[in-house]
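Structural overview for review
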Amino acid sequence: MTQIPVRIDGASITAAEGLPVIAPYDGRLLGEVPACTPAHVDQAVRAARRALEEEPLPAWRRAEILDRAAEALADEVTVERLARTIALEAAKPIAAARAEVARAASTFRFAAATCRTLAGEVLPLDAAQAGEGRLGFTLRVPVGVIGAITPFNFPCNLVAHKLAPAIAAGCPVVLKPAHQTPLSGIALAELLLDRCGLPASWLHVVTGVGPTTGAALVGHEDVAMITFTGSPTVGWAIRAAAPRKKVSLELGNNSPVIIQPDADVQGAATAIAAAGFAHAGQSCISVQRVLVHREVAEALEAALVEAVEALVVGDPLDEATQVSALIDADNRERVVAWIEEAVDGGAVVAAGGKVDEAGVLAPTVLTDVHPDMRLCRDEVFGPVVGLTTYDDVEEAFALANDTRYGLHAGIFTSDLDVARRAIEVLDFGGVIVNDVPTWRADHMPYGGRRDSGNTREGPWSSALEMTEVRSVVIA
Ligand code: NAD
């Protein structure tokens, strides 16, 4: 089969070996991408070094490139083409895939604004006696070549969250997209290089599996920073393998949401049905743990089951589909095993729990879920939410915080004091009041605590991470 080439230093590259890209919904072969070797990675990193040393771009040109990308990603034909690619390779329902492209446009738009405004600061050096008569200020200088490693679940917008701030910060990039969903990243890179005027030395794509292609990028001595989004296991191993590099990690979560008795229970149920099951629960902030006050547990369960059973399951290319297949059969089997384990431990299936003829796991709601079950403790990354009841809101806060993750948490309440208390005690990178934790605007600082990561992403926050402060003193 002819390989879909990747761009390295302006050339369209194929490799001796290829990797198949399979549509998770119907198993059809979408194409083959190069299994890039360490030599390809080296070629890409060297070219990126050259960009840094010989082809720097002033901020106004970088901002124009980012603006053009935002415009190109709003163009109807491009949106449809990219959305179809996302839908096919990730089994993301087409409507959600279009929304992802729109978010990517917004990520580039905010990165253009960042590029135009990112600046250092004036240092009041004469505040120290030794500084009297000296002028001081800081510059933000690009950290160097960026190695960007991305996960399968948002193959367009999470690539945008690496490329756009890197360009804003003045850093050339080598992108290693997820091996399951590389086509959207390849398409986005081509858009930047061919339609937006990004010079060929500034962006390179190396496709392949993590332990070879990804590891070669992590290990390359000329890569100054790795920006990684993916699982905690891989992320923290990369952190350990590259102690001399900057490594920013955006990792997983097992997102809790608390439902107080004074909440809009119907509204909460509708929001959870959307947030727990969009892209079959394969978002790092999918609702997973629903902590519901005993007084409203029955009402919430009834409303949630009704909403979940109404979700349309099927082909991601069908306009009506809201939930489709998991990324592969192994993950489907893993999620089914976790459901069975929970049921063995006393949980009750209130909706779903079955795999249909097309191999899609139905959106599943479990009640009587115990905090010690794997379904609570680990990140399920599948179409399952579990309900646990509580009697007192402090108990709910303790349950929410009883996790090694710390990305986002949510609470539904109409009591301002409870909301304020939640903001104070919920130990997460983001606390969402009166909505699900599955909420992100692309320009806000987004990231987690503990096992969920060590950084904040978003064009402004990422560009800060991708630059270093240089202090300048004029005597
Ligand atoms: P993953 O960790 O399996 O893979 C992520 C990337 O790392 C892929 O490109 C993969 O090829 C690469 N990789 C794997 N092993 C590697 C190695 N040894 N060296 C270098 N690179 C390697 O994650 P996934 O299954 O693609 O994505 C799901 C995970 O991502 C979930 O845990 C989810 O919560 C998390 N995620 C987090 C965010 C966030 O912003 N916090 C967003 C989306 C997904």
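Please read these numbers as outputs of a predicted model, since none were measured by experiment.

Turning to the layout of surface pockets, a few remarks are in order. The volume enclosed by the largest pocket comes to roughly 930 Å³. Counting only elements with at least two residues in the lining of the largest pocket, the list comes to α7 (210-219), β10 (223-229), α8 (232-241) and α11 (329-344). The element best represented in the lining of the largest pocket is α7, accounting for 5 residues. In terms of residue class, the lining of the largest pocket is built from 19 nonpolar, 12 polar and 7 charged. The calculated volume of the second largest pocket comes to roughly 600 Å³. Lining the second largest pocket are 27 residues, and of these R103, F154, A274, A278 and T438 lie nearest its centre. Those elements that provide at least two residues to the lining of the second largest pocket are α4 (94-117) and α9 (265-275).

Glancing now at the sheet that holds strand β12 (residues 256-259). Taken in spatial order, the 7 strands of this open sheet run β14-β15-β16-β13-β12-β17-β18, and their pairing is mixed. Two strands close off the open sheet at either side, each with one partner strand: β14 (348-351) and β18 (430-433). Across the sheet, the axes of successive neighbouring strands diverge by a mean angle of 25°, strand direction being ignored. Here 3 bridges tie strand β15 (residues 364-367) to strand β16 (residues 384-390), and the two strands are oriented parallel to one another. The partner of T364 across the bridge, within β16, is V384. Sitting on the sheet, α11 touches β14, β15 and β16, and the angle it makes with β15 is about 20°.

Our next topic: the packing of helix α3 (residues 76-90) against helix α6 (residues 183-195). The axes of two packed helices give the description: the angle between them and the distance between them. It is the contact of α3 with α6, at a shortest axis distance of 9 Å, that shows an interaxial angle of 155°. When the axis of α3 is compared with that of α6, the two are roughly antiparallel. For the pair formed by α3 and α6, the contact residues are T78, R81, L82, T85, I86 and E89 on the first element and L183, S184, A187, L191 and R195 on the second. Grouping the constituent residues of the contact of α3 with α6 by class yields 5 nonpolar, 3 polar and 3 charged.

Next up on the list: a nonpolar patch on the surface. Together, M1, I22 and L29 line one region of the surface with nonpolar side chains, adding up to about 310 Å² of accessible area. With respect to the helices, strands and loops of the structure, I22 is situated in strand β3 (residues 18-22). Accessibility expressed as a relative area gives 41% for I22, which makes it partly exposed.

The rules behind these values
Residues numbered from 1 in each chain as written. Predicted model: local features only at pLDDT ≥ 70, side-chain atom pairs only at ≥ 80, totals over all residues. Heavy atoms only, no water. 1 Å grid on protein atoms, 1.4 Å probe; cavity = no way out; pocket = protein on both sides within 12 Å on 5 of 7 lines; lining within 4 Å. Points joined across faces, edges and corners; volume = space filled by probe spheres on them. Helix = DSSP H or I, 4+ residues; strand = E, 2+ residues; numbered from the N terminus. Nonpolar A, V, L, I, M, F, W, Y, C, P; charged D, E, K, R; others polar. Pairing = 2+ DSSP bridges. Axes fitted to C-alpha atoms, helices over the stretch in contact; angles between N-to-C directions. Contact = heavy atoms within 4.5 Å. Parallel < 35°, antiparallel > 145°, perpendicular 65-115°, else oblique. Patch = residues over 30% accessible without salt bridge, like charges linked within 9 Å, V, L, I, M, F, W, Y side chains within 5 Å. Areas by Shrake-Rupley, 256 points an atom, 1.4 Å probe, with all protein chains shown as cover. Salt bridge = Lys/Arg side-chain N within 4 Å of Asp/Glu carboxyl O. Buried < 20%, exposed > 50% of the residue type's maximum accessible area, 1.4 Å probe, protein only.

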